[in-house]
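Reading the structure
Below, each chain spelled out in residue letters.
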Amino acid sequence: MKYGKVRNIKKELLSDNWYSLHKVTFEYQREDGEWETQIREAYDRGNGAVILLYNKEKGSVILTRQFRMPTYLNGNEGGMMVEACAGILEKENAEQTIIMEVEEETGYKITEVQKVFESYMSPGSVTEVLYFFIGQYEANMKVSEGGGAEDETENIEVLEMTFQKAQQMMSNGEIKDAKTIMLLQYAQINGLFG
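Residues numbered from 1 in each chain as written. Predicted model: local features only at pLDDT ≥ 70, side-chain atom pairs only at ≥ 80, totals over all residues. Heavy atoms only, no water.

Let us look at the pairing of strand β7 (residues 85-88). In summary, the side chains of a regular strand alternate between the two faces of the sheet. Here β7 shows two buried faces, one formed by Cys85 and Gly87 and the other by Ala86 and Ile88. In this sheet, β7 lies alongside strand β4 (residues 48-55) in antiparallel orientation, the contact comprising four bridges. Each residue of the ladder has a partner; that of Ile51, found in β7, is Cys85. (Buried < 20%, exposed > 50% of the residue type's maximum accessible area, 1.4 Å probe, protein only. Helix = DSSP H or I, 4+ residues; strand = E, 2+ residues; numbered from the N terminus. Pairing = 2+ DSSP bridges.)

Turning next to the sheet that holds strand β1 (residues 6-15). The strand order across the open sheet formed by three strands is β1-β2-β3, and the pairing between neighbours is antiparallel. The open sheet has two edge strands with one neighbour each: β1 and β3 (35-44). For this sheet, the mean angle separating the axes of adjacent strands, direction not counted, is 20 degrees. Where β1 meets strand β2 (residues 20-29), seven bridges bridge the pair, whose relative direction is antiparallel. Bridge assignment links Glu12 to a residue of β2, and that residue is Lys23. (Axes fitted to C-alpha atoms, helices over the stretch in contact; angles between N-to-C directions.)

If you trace the backbone, Asn76 turns up in the loop between α1 (69-73) and β6 (80-83). At 3.1 Å, the side chain of Asn76 forms a polar contact with the backbone oxygen of Met80. Excluding residues that lie within four positions of it along the chain, Asn76 makes contacts with Thr71 and Met81. (Polar contact = N/O pair within 3.5 Å; in protein donor to acceptor, adjacent residues only side chain to side chain. Contact = heavy atoms within 4.5 Å.)

Counting buried residues in strand β5 (residues 60-67) gives six out of eight residues, a clear majority hidden from the surface. Relative to β5, β4 runs antiparallel, the two sharing three bridges. Counterpart to Asn55 in the pairing with β5 is Ser60. Connecting β4 to the antiparallel partner β5 that follows it, the hairpin turn spans four residues, and Gly59 within it adopts a positive phi of roughly 70 degrees.

The next subject is the nonpolar core. For soluble globular proteins, the rule of thumb is that nonpolar side chains tend to be buried together. In terms of nonpolar packing, the biggest core is built from 23 residues, with Val50, Leu52, Val61, Leu63, Ile134, Met161 and Leu183 touching the most fellow members. Where this core is concerned, the elements lending two or more residues are β4, β5, β9 (129-136), β10 (157-162), α3 (163-171) and α4 (178-189). By residue number, the principal contributor to this core is α4, which donates four residues. Ignoring any residue separated from it by four or fewer positions in sequence, one finds Leu52 in contact with Val61, Leu63, Phe133, Ile134, Gly135, Leu183, Leu184 and Ala187. Within the second largest apolar cluster, 14 residues are counted, among which are Ala49, Leu53, Phe133 and Tyr137. (Core = buried A, V, L, I, M, F, W, Y, C linked by side-chain atoms within 4.5 Å.)

Together, Phe67, Met69, Tyr72, Leu73 and Met80 make up an exposed nonpolar region whose accessible area comes to about 520 Å². Residue contributions to the nonpolar patch peak at three residues, all from α1. Inspection of the secondary structure assignment puts Leu73 in helix α1. (Patch = residues over 30% accessible without salt bridge, like charges linked within 9 Å, V, L, I, M, F, W, Y side chains within 5 Å. Areas by Shrake-Rupley, 256 points an atom, 1.4 Å probe, with all protein chains shown as cover. Salt bridge = Lys/Arg side-chain N within 4 Å of Asp/Glu carboxyl O.)

Glancing now at the packing of aromatic side chains. Taken as a whole and assessed by the stated rule, the structure comprises eight aromatic pairs. Note on Tyr19 and Tyr43: the rings are 6.3 Å apart at their centroids and 80 degrees apart in plane angle, and the pair reads as edge-to-face. Here Tyr43 lies in strand β3 and Tyr19 lies in the loop between β1 and β2, a separation of 24 residues in the sequence. The class of Tyr19 is partly exposed, set by a relative accessible area of 27%. Their ring planes at 75 degrees and their centres at 5.8 Å tell us that Tyr54 and Phe193 sit as a pair that is edge-to-face. Placement of the pair is Tyr54 in strand β4 and Phe193 in the segment after α4, with a sequence separation of 139 residues. The class for Phe193 is partly exposed, based on a relative accessible area of 22%. Pairwise contacts between aromatic rings join Trp18, Tyr19 and Tyr43 into one cluster. Geometry around Trp35 places Arg7 over its ring, the cationic atom sitting 3.8 Å from the centre. (Phe/Tyr/Trp six-rings, centres within 6.5 Å; stacked < 30°, edge-to-face > 60°. Lys NZ or Arg CZ within 6 Å of the ring centre and 35° of its normal.)

Within the element layout of this structure, Lys23 appears in strand β2. Looking at Lys23, the relative accessible area reads 30%, which means it is partly exposed. Along the primary structure Lys23 and Ala42 are separated by 19 residues, whereas in three dimensions their C-alpha atoms are 6.6 Å apart.

Structure follows, in C-alpha coordinates:
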(Lines give C-alpha, C1' and ligand atoms only; values in the text may rest on other atoms or scores of the structure.)
Protein backbone atom coordinates (compact mmCIF):
# COMPACT_ATOMS: atom_id res chain seq x y z
CA MET A 1 0.00 0.00 0.00
CA LYS A 2 1.35 3.40 -0.97
CA TYR A 3 0.97 6.04 1.72
CA GLY A 4 0.22 9.64 0.86
CA LYS A 5 2.72 12.44 0.75
CA VAL A 6 2.18 15.97 1.98
CA ARG A 7 3.23 19.26 0.36
CA ASN A 8 2.53 23.00 0.47
CA ILE A 9 1.81 23.15 4.20
CA LYS A 10 0.46 26.52 5.39
CA LYS A 11 -0.16 27.17 9.09
CA GLU A 12 -2.37 29.95 10.45
CA LEU A 13 -2.39 30.66 14.19
CA LEU A 14 -5.98 30.73 15.48
CA SER A 15 -5.27 30.94 19.21
CA ASP A 16 -2.39 30.93 21.65
CA ASN A 17 -4.27 31.78 24.85
CA TRP A 18 -3.26 28.61 26.70
CA TYR A 19 -1.45 26.51 24.10
CA SER A 20 -1.52 26.95 20.34
CA LEU A 21 -4.27 26.13 17.87
CA HIS A 22 -3.39 26.24 14.18
CA LYS A 23 -5.45 25.96 11.01
CA VAL A 24 -3.34 23.87 8.63
CA THR A 25 -3.96 23.87 4.87
CA PHE A 26 -1.99 21.34 2.84
CA GLU A 27 -2.00 19.13 -0.22
CA TYR A 28 -2.20 15.37 0.33
CA GLN A 29 -1.37 12.78 -2.32
CA ARG A 30 -3.99 10.05 -2.38
CA GLU A 31 -3.32 6.39 -3.14
CA ASP A 32 -4.35 6.93 -6.78
CA GLY A 33 -1.64 9.59 -7.15
CA GLU A 34 -4.00 12.58 -7.24
CA TRP A 35 -3.29 15.60 -5.03
CA GLU A 36 -6.13 17.08 -2.97
CA THR A 37 -6.26 20.13 -0.72
CA GLN A 38 -7.20 19.44 2.89
CA ILE A 39 -7.77 21.72 5.87
CA ARG A 40 -7.39 20.60 9.49
CA GLU A 41 -6.99 22.22 12.90
CA ALA A 42 -4.18 21.04 15.18
CA TYR A 43 -3.94 21.83 18.88
CA ASP A 44 -0.37 21.81 20.24
CA ARG A 45 -0.21 21.56 24.01
CA GLY A 46 3.17 19.85 24.14
CA ASN A 47 3.88 16.22 25.00
CA GLY A 48 3.10 14.62 28.33
CA ALA A 49 3.79 11.74 30.69
CA VAL A 50 1.55 9.57 32.87
CA ILE A 51 2.29 6.93 35.49
CA LEU A 52 0.51 4.16 37.35
CA LEU A 53 1.91 4.09 40.88
CA TYR A 54 1.45 0.64 42.37
CA ASN A 55 2.33 -1.32 45.49
CA LYS A 56 2.48 -5.01 44.72
CA GLU A 57 2.51 -6.17 48.36
CA LYS A 58 -0.58 -4.13 49.30
CA GLY A 59 -2.28 -4.74 45.96
CA SER A 60 -2.90 -0.99 45.70
CA VAL A 61 -2.56 1.91 43.29
CA ILE A 62 -2.37 5.68 43.70
CA LEU A 63 -4.75 7.72 41.55
CA THR A 64 -5.88 11.34 41.69
CA ARG A 65 -9.20 13.17 41.50
CA GLN A 66 -9.53 16.68 40.12
CA PHE A 67 -11.91 19.00 38.28
CA ARG A 68 -11.68 18.95 34.47
CA MET A 69 -13.67 21.73 32.79
CA PRO A 70 -13.76 20.14 29.29
CA THR A 71 -15.46 17.04 30.73
CA TYR A 72 -17.92 19.22 32.63
CA LEU A 73 -18.81 20.97 29.37
CA ASN A 74 -19.45 17.59 27.75
CA GLY A 75 -21.80 15.96 30.26
CA ASN A 76 -19.58 14.98 33.21
CA GLU A 77 -21.81 16.21 36.05
CA GLY A 78 -19.59 17.84 38.65
CA GLY A 79 -16.58 17.73 36.30
CA MET A 80 -14.48 15.50 38.58
CA MET A 81 -12.18 12.90 37.02
CA VAL A 82 -10.25 10.02 38.59
CA GLU A 83 -6.92 9.74 36.81
CA ALA A 84 -3.40 8.41 36.97
CA CYS A 85 -0.80 11.05 37.85
CA ALA A 86 0.22 12.96 34.72
CA GLY A 87 1.64 16.21 33.40
CA ILE A 88 3.01 18.15 30.45
CA LEU A 89 6.74 17.61 29.83
CA GLU A 90 8.65 20.31 31.70
CA LYS A 91 12.03 18.67 32.25
CA GLU A 92 14.72 17.39 29.88
CA ASN A 93 12.95 14.09 29.41
CA ALA A 94 9.72 12.28 30.20
CA GLU A 95 11.25 10.30 33.09
CA GLN A 96 12.37 13.43 34.94
CA THR A 97 9.00 15.08 34.36
CA ILE A 98 6.94 12.17 35.67
CA ILE A 99 9.10 11.82 38.80
CA MET A 100 8.56 15.55 39.48
CA GLU A 101 4.80 15.28 38.80
CA VAL A 102 4.46 12.30 41.16
CA GLU A 103 5.90 14.32 44.04
CA GLU A 104 3.87 17.46 43.22
CA GLU A 105 0.56 15.67 42.73
CA THR A 106 0.72 12.69 45.12
CA GLY A 107 3.40 13.59 47.67
CA TYR A 108 5.42 10.43 46.95
CA LYS A 109 9.12 10.81 46.17
CA ILE A 110 10.01 7.99 43.79
CA THR A 111 13.32 7.49 42.01
CA GLU A 112 12.67 4.64 39.58
CA VAL A 113 10.12 4.46 36.78
CA GLN A 114 9.68 2.11 33.84
CA LYS A 115 8.44 3.33 30.46
CA VAL A 116 5.92 0.85 29.06
CA PHE A 117 4.71 2.52 25.85
CA GLU A 118 3.79 5.82 24.20
CA SER A 119 0.68 6.93 22.35
CA TYR A 120 -0.91 9.73 20.36
CA MET A 121 -4.04 10.27 22.45
CA SER A 122 -6.22 12.15 19.95
CA PRO A 123 -4.38 12.09 16.61
CA GLY A 124 -7.18 13.71 14.64
CA SER A 125 -6.78 17.06 16.39
CA VAL A 126 -4.08 17.09 19.10
CA THR A 127 -0.33 16.84 18.45
CA GLU A 128 0.51 15.41 21.90
CA VAL A 129 2.48 12.20 22.41
CA LEU A 130 1.92 10.74 25.87
CA TYR A 131 4.65 8.65 27.50
CA PHE A 132 3.28 5.91 29.78
CA PHE A 133 5.14 4.72 32.89
CA ILE A 134 4.68 2.42 35.84
CA GLY A 135 6.44 2.85 39.17
CA GLN A 136 6.35 1.21 42.56
CA TYR A 137 5.65 3.18 45.72
CA GLU A 138 5.88 2.42 49.42
CA ALA A 139 4.51 4.25 52.46
CA ASN A 140 7.97 5.52 53.47
CA MET A 141 8.25 7.40 50.16
CA LYS A 142 5.48 9.82 51.22
CA VAL A 143 7.15 13.21 51.78
CA SER A 144 4.15 15.58 51.52
CA GLU A 145 0.39 15.68 51.08
CA GLY A 146 0.69 16.28 47.32
CA GLY A 147 -2.23 18.11 45.73
CA GLY A 148 -0.39 19.72 42.82
CA ALA A 149 1.85 22.73 42.32
CA GLU A 150 0.65 25.90 44.08
CA ASP A 151 0.96 28.01 40.92
CA GLU A 152 -1.04 25.59 38.73
CA THR A 153 -4.43 25.73 40.57
CA GLU A 154 -4.79 21.96 40.34
CA ASN A 155 -6.53 21.14 43.68
CA ILE A 156 -5.73 17.44 43.39
CA GLU A 157 -7.10 14.83 45.78
CA VAL A 158 -4.81 11.81 46.24
CA LEU A 159 -6.58 8.42 46.22
CA GLU A 160 -5.04 5.15 47.37
CA MET A 161 -7.17 2.12 46.55
CA THR A 162 -6.87 -1.55 45.80
CA PHE A 163 -6.20 -2.51 42.21
CA GLN A 164 -9.47 -4.47 42.35
CA LYS A 165 -11.37 -1.31 43.36
CA ALA A 166 -9.76 0.63 40.48
CA GLN A 167 -10.85 -2.11 38.07
CA GLN A 168 -14.40 -1.94 39.44
CA MET A 169 -14.41 1.85 39.02
CA MET A 170 -13.28 1.42 35.42
CA SER A 171 -16.01 -1.17 34.76
CA ASN A 172 -18.82 0.89 36.31
CA GLY A 173 -17.80 4.15 34.62
CA GLU A 174 -16.35 5.99 37.64
CA ILE A 175 -13.01 6.00 35.81
CA LYS A 176 -13.49 7.38 32.28
CA ASP A 177 -10.02 8.77 31.62
CA ALA A 178 -8.36 7.02 28.65
CA LYS A 179 -4.76 7.20 29.91
CA THR A 180 -5.79 5.72 33.25
CA ILE A 181 -7.81 2.95 31.64
CA MET A 182 -4.85 2.10 29.40
CA LEU A 183 -2.49 1.82 32.38
CA LEU A 184 -4.95 -0.23 34.45
CA GLN A 185 -5.41 -2.59 31.52
CA TYR A 186 -1.62 -2.77 31.08
CA ALA A 187 -1.33 -3.76 34.76
CA GLN A 188 -3.97 -6.47 34.30
CA ILE A 189 -2.56 -7.88 31.05
CA ASN A 190 1.01 -7.92 32.38
CA GLY A 191 0.15 -9.31 35.82
CA LEU A 192 1.66 -6.51 37.90
CA PHE A 193 -0.21 -7.84 40.91
CA GLY A 194 0.54 -11.52 40.33
